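Okay, here's what each chain looks like letter by letter:
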Amino acid sequence: MASNVDPPYLLRGHGKLGNLGLRPRIALVSTLRDVQDQFLLWCEWFRIIGFAHLFLYFDDEECDQASIEAACSTYSADFLSIALNTPQLREEWASLRTWKQFSVFTEDRMCRQLLNIAHALKRAARGEGPEAVDWMFHLDHDELFLPPEGLQAHTLTPFLDVSLFKVPSGRVAKTPLGAAGMNFWAQRTKAGTHFLYYDNGKSAVRVRRNVEIAPTSVHLLYPPEDLEELITKRQAWTNFPKHELADMELDWMISCHDEVVAGAKVLHYPATHYDRLFRKYLHLGNFPAVRFGGELVIPASFHLEARDEFLKYDDQESRKAKLKELLEKAAFLQTEAEVQTQLETGSVVVIDTVRETLRAGRWVPPRQLRPSAASWALRRPSVQGMERLQRMRRQAAEVLFQGGGMLRDLDAALDTIAQRLQTHGWVACELGAHRKLMERAVQEAQGLKSRMSRGSTVIENHILDPGMSNDRGDQVLFMEEQGLTGPEAAKGPAPTLALLNSALADVGFQLDQRLQKTMALRLTERCDGMLSCYGPENGGYSAHVDNADGDGQVAGRVLTAILYLNAGWDRQDAGELAIFHPEKGDIGDADVQGRWHMVHPEANTLVLLRADQTLHEVRSSRAERFAISVWFCGQHAEYGGS
C-alpha cells in the first residue's frame, strides 16, 4: 500500500470537490454494495460536515460501476479513495492481525467489513498523504453521522425525504407516555423490538501512526490489547446511558451526559422503500442466523422476519408485495394523528438537519434547544443582586383549589396547573387528601427521623461535601434508597408516605402531555422521592434554584413537586417556602423587579415549580416541619431533533 504507486485495486477521486481542511482529520470506512439510489448525497453529507477522507471498499464492482465512476469524477483524491474487491486486496487481508480469526468466514459480509476496517486502519496508520487521519468511523451507506452542534412514504432518497426518526430505547422518556410509545412499536413486529435492526450503535477509534488496529466488531472499534489502558486512563467514552452498559458488556466505558457528547448521533435509514428491502434480501438470500462459527447469533428481529417472509415466495412480485406490507406495518406512521402521538411519547423525533444541509449545500446546524452554559451563568444573581432581591416585597401566596382540593376535579386542576407553570413558573394548591391520611403521614415521618442525614447541595450532578456548605439545614432521607417504596411498602414503617410519594409521581406524569403543549417541555423520568425535616435547631435553606446549572446532563431536573405533611400547623411557627416571582426582567438582571410569595407548610399544600428556573428559599421554623419532594427530569419536547 505504498503511497507513491497505488495497487491496481485502489482508485482515487479525480474531481474538483475536496475536503474542507478541518482538524482533527476524521475519516470514514465503509464496505458497500448496491448504492445506486443516493450514493453521491451520502458522500456529500460527510464532506459538508467536515470529514477528511472516505475509505470506501466496494464488494461488487460490476453492480456499482456507475456509482464508482460518478464519485471519482466528483470528488478529489484528498477526499475519496475506493478499494475494489479483487484478488490482490484479498491477498493483503492475509497480512492483517485478525486474518486467522476470520479467514474461514470471508463469504460473510460482516467478516469482509471487519477485514476492510482493519485494512483501512492500517493504511491510515502509515500517516501518508490524504490517508493520514486522526480518527476513523465505520458506518454503512444507509447511515449518517449527525454532529452534536422519518417515517413517511416509500422513498429511495431518504437523506432528502426522511425527517422522522425513532429515538434509541435508552433515550425514550421513562414515563407512562414513554412506555406507551415503546409498546406501540414493539407490537408491530413479531420480535417485539424497538429498532428494526441493530441498536448497539457505531463508534470511532483514534488512529495512531505505525500502530496496527484490527477490530473484532463492526460496531465497536478499539484495540483489544489496549483495553486495560483504556479503562485505567478512562479514555473510552460513550453516549449510551450508564444503566445500559452492563447488558451490552460495555461497563468499562465512561457514559457521558454533556451536551457535546449526547448531541452526537448515528442516523440509520435501513428501511425506507420496499424495493430497497427487496434488493437487500435478494442479495442476502437464506443467510444463516449464526455467524463466525457460532460466536455471533442474530437474535429474533425484523431482519429475520423479513428474510423468512421473502423466502416464503418464489416469484419476485409476491416477494415485493409481502415486504411492502411488512415494512409499512413495522415502520410507517400512517396518519398525522399517529405522528403527533408518537412525537408526544418521545419515541420519535424530527431531525431535518440532513435534508436542509443537502438542499442548501452547506452545514445547517440543529436548533439550540437547551440553554448554554453561558446562559445558565447569566441567570445567577451576584451577591449584591441577591441582597437586593431579599429586600423586595413579600406577600402571602395564592393557594388554588381551596375548600376541596385539586383531586375533586383532577383533569381541570392539571390544566390550570400547567397554565400557571407556563405563566409564573410555580403554583401552590390544595391537594385534597383526607385529613387523617396526612396525620398518619406526619406520624410516620417522625418515626423515620433516626434514618435521616444532613441534606447535601448538588452542582452539575455532583454532591458537595456537606462541610463545605452551610446554606441548608434540613435532615433528609430518600424513599427508594431506604426501601420505603415498591410492592413491600405496605408492610414497611411508612406505607402512607409511600402512597403520597406515588401520588406525587402520578401528578407529575399526568402533567407531562400538558407541559409539552403549553411549554414544549417533556418529562423524561422522576427522581427518588425525598422526605425532609426542618426544625428550630437547624435553620432553613437559603435562596436557590434547584437545578441552576443543568445538573451536568442533557435531561436535568425541570420540575419540583413538594407536598407538606404538617397537620395543624401553627403559622406563628414560620417555616414558609418563599418563592420569588420576577415581574420585570430575570433573577440575574441588575434591574430585575418582583416579589416573594410566601407558602405556609400546612398539610395538604402542594407546590410545583420549575426546578431549573424558580428562585426559592425555606424560612427557618420554630417547630418541626416535614415535606415530601419529588423532582422530575426533562428537556425541550423537541430535544434530540433539529
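Residues numbered from 1 in each chain as written. Predicted model: local features only at pLDDT ≥ 70, side-chain atom pairs only at ≥ 80, totals over all residues. Heavy atoms only, no water.

**Let's talk about the domain arrangement of the chain**
Next up, step 1: When cut into domains, the chain gives domain 1 (1-148 + 198-260) and domain 2 (373-635).
Next up, step 2: Distance from the C-alpha centre of domain 1 to the C-alpha centre of domain 2: 50 Å. (Domains from an automatic or database assignment.)

**Quick look at the sheet that holds strand β24 (residues 541-544)**
The pairing of strands in a sheet comes from backbone hydrogen bonds and takes either a parallel or an antiparallel form.
Next up, step 1: Here five strands make up an open sheet; going across it, the order is β15-β27-β26-β29-β24 and the pairing mixed. Since the sheet does not close on itself, it has two edges, and those belong to β15 (394-396) and β24, each with one partner. Taking the axes of each pair of neighbouring strands and ignoring which way they run, one obtains an average angle of 20° across the sheet.
Next up, step 2: As paired strands, β15 and strand β27 (residues 593-599) are joined by three bridges and run parallel to one another. Bridge pairing in β27 places Arg394 opposite Trp596. (Pairing = 2+ DSSP bridges. Helix = DSSP H or I, 4+ residues; strand = E, 2+ residues; numbered from the N terminus. Axes fitted to C-alpha atoms, helices over the stretch in contact; angles between N-to-C directions.)

**Considerations on the packing of aromatic side chains**
Next up, step 1: This model, assessed by the stated rule, comprises 20 aromatic pairs.
Next up, step 2: When the centroid spacing of 5.7 Å and the interplanar angle of 85° are considered together, the rings of Phe39 and Phe58 count as edge-to-face. Linking Phe39 in helix α1 (residues 39-48) with Phe58 in strand β3 (residues 53-58), this pair joins segments that are 19 residues apart in sequence. With respect to class, Phe39 is no different from Phe58; both count as buried.
Next up, step 3: When the centroid spacing of 5.7 Å and the interplanar angle of 80° are considered together, the rings of Phe509 and Phe632 count as edge-to-face. Linking Phe509 in helix α20 (residues 495-519) with Phe632 in strand β30 (residues 625-636), this pair joins segments that are 123 residues apart in sequence.
Next up, step 4: You can call Phe509 buried: its relative accessible area is 18%. (Phe/Tyr/Trp six-rings, centres within 6.5 Å; stacked < 30°, edge-to-face > 60°. Buried < 20%, exposed > 50% of the residue type's maximum accessible area, 1.4 Å probe, protein only.)

**A few points about helix α7 (residues 176-186)**
Next up, step 1: Of the residues making up α7, those classed as buried are Leu177, Gly178, Gly181 and Trp185. Looking straight down α7, one finds that the buried residues subtend no more than 100° of arc, so they occupy a single side.
Next up, step 2: Elements in contact with the buried residues of α7: β7 (164-166), α13 (316-331), α14 (336-345), β14 (348-350) and α20. (Arc of directions from axis to C-beta. Contact = heavy atoms within 4.5 Å.)

**Points about the UniProt feature "domain: Fe2OG dioxygenase" (unreviewed entry) in the chain**
Next up, step 1: In this structure's numbering, the residues bearing the UniProt feature "domain: Fe2OG dioxygenase" (unreviewed entry) are residues 523-634.
Next up, step 2: Secondary structure over residues 523-634 splits into 0% helix and 49% strand, and the C-alpha atoms at its two ends are 4 Å apart. (UniProt positions renumbered as here; feature names shortened; annotations may be inferred.)

**Side note on the pairing of strand β21 (residues 475-478)**
Next up, step 1: Relative to β21, strand β18 (residues 453-454) runs antiparallel, the two being bridged by two bridges. Paired with Arg454 across the two strands is Gln475, which belongs to β21.
Next up, step 2: Pairing geometry for β21 and strand β23 (residues 530-534), over four bridges, is antiparallel. Bridge pairing in β23 places Val476 opposite Ser532.

**With respect to the nonpolar core**
Next up, step 1: In this structure, Leu497, Leu511, Leu531 and Leu565 are the most contacted members of the largest nonpolar core, which totals 46 residues.
Next up, step 2: Ranked by residues supplied to this core, first place goes to α20 with nine residues.
Next up, step 3: With near-sequence residues (within four places) excluded, Leu531 lies in contact with Ala445, Leu448, Met452, Gln475, Val476, Leu477, Met479, Leu497, Leu565, Ala627 and Ile628.
Next up, step 4: Core analysis: the second largest hydrophobic core is formed by 38 residues, Leu32, Leu54, Tyr75 and Phe137 among them. (Core = buried A, V, L, I, M, F, W, Y, C linked by side-chain atoms within 4.5 Å.)

**Topic: the environment of Gln513**
Next up, step 1: With respect to the helices and strands, the residue Gln513 is situated in helix α20.
Next up, step 2: Note: C-alpha distance between Gln513 and Ala489 (24 residues apart in sequence) is 29 Å.
Next up, step 3: Beyond its immediate chain neighbours, meaning those up to four positions away, Gln513 contacts Leu177 and Glu344.

**A word on the sheet that holds strand β8 (residues 204-206)**
Next up, step 1: If you walk across this open sheet you meet the six strands as β1-β4-β3-β2-β5-β8, and the pairing is mixed. With one partner strand each, in any of the chains shown, β1 (10-12) and β8 form the two edges of the open sheet. Averaged over all pairs of adjacent strands, the angle between their axes in this sheet comes to 20°, without regard to strand direction.
Next up, step 2: Alignment of strand β5 (residues 135-138) against β8, held across three bridges, turns out to be antiparallel. Looking across to β8, one finds that Trp135 is bridged to Arg206.
Next up, step 3: Contacts from α1 reach β2 (26-32) and β3, with the element oriented near 150° to β3.
Next up, step 4: In the packing of helix α2 (residues 65-74) onto the sheet, contacts are made with β1, β3 and β4 (80-84), and the angle to β4 comes to roughly 155°.

**A short note on the pairing of strand β26 (residues 577-584)**
Next up, step 1: The sheet contact formed by β26 and β27 spans seven bridges and is antiparallel. Within β27, the residue paired with Lys584 across the bridge is Gln593.
Next up, step 2: Direction of pairing for β26 relative to strand β29 (residues 616-618): antiparallel, over a ladder of three bridges. By the bridge assignment for β29, Ile579 is matched with His616.

**Overview of unusual backbone geometry**
Next up, step 1: A cis amide bond, omega -5°, links Arg23 with the succeeding residue Pro24.
Next up, step 2: Backbone geometry at Asn604 places phi at a positive 85°, although glycine is not the residue there.
Next up, step 3: Secondary-structure assignment places Asn604 in the loop between β27 and β28 (605-610).

**Some points on the packing of helix α19 (residues 435-447) against α20**
Next up, step 1: Running from N to C, α19 and α20 point in directions that differ by 115°, and their axes come no closer than 8 Å. When the axes of α19 and α20 are compared, the pair comes out roughly perpendicular. Judged by the sense of rotation from one axis to the other, the crossing of α19 with α20 is left-handed. Contacts from Leu437, Met438, Arg440, Ala441, Glu444 and Ala445 of α19 reach α20 at Pro495, Thr496, Leu497, Leu499 and Leu500.
Next up, step 2: Per-class residue counts for the contact of α19 with α20 are eight nonpolar, one polar and two charged. (Parallel < 35°, antiparallel > 145°, perpendicular 65-115°, else oblique. Left-handed = near helix turned anticlockwise from the far one by under 90°. Nonpolar A, V, L, I, M, F, W, Y, C, P; charged D, E, K, R; others polar.)

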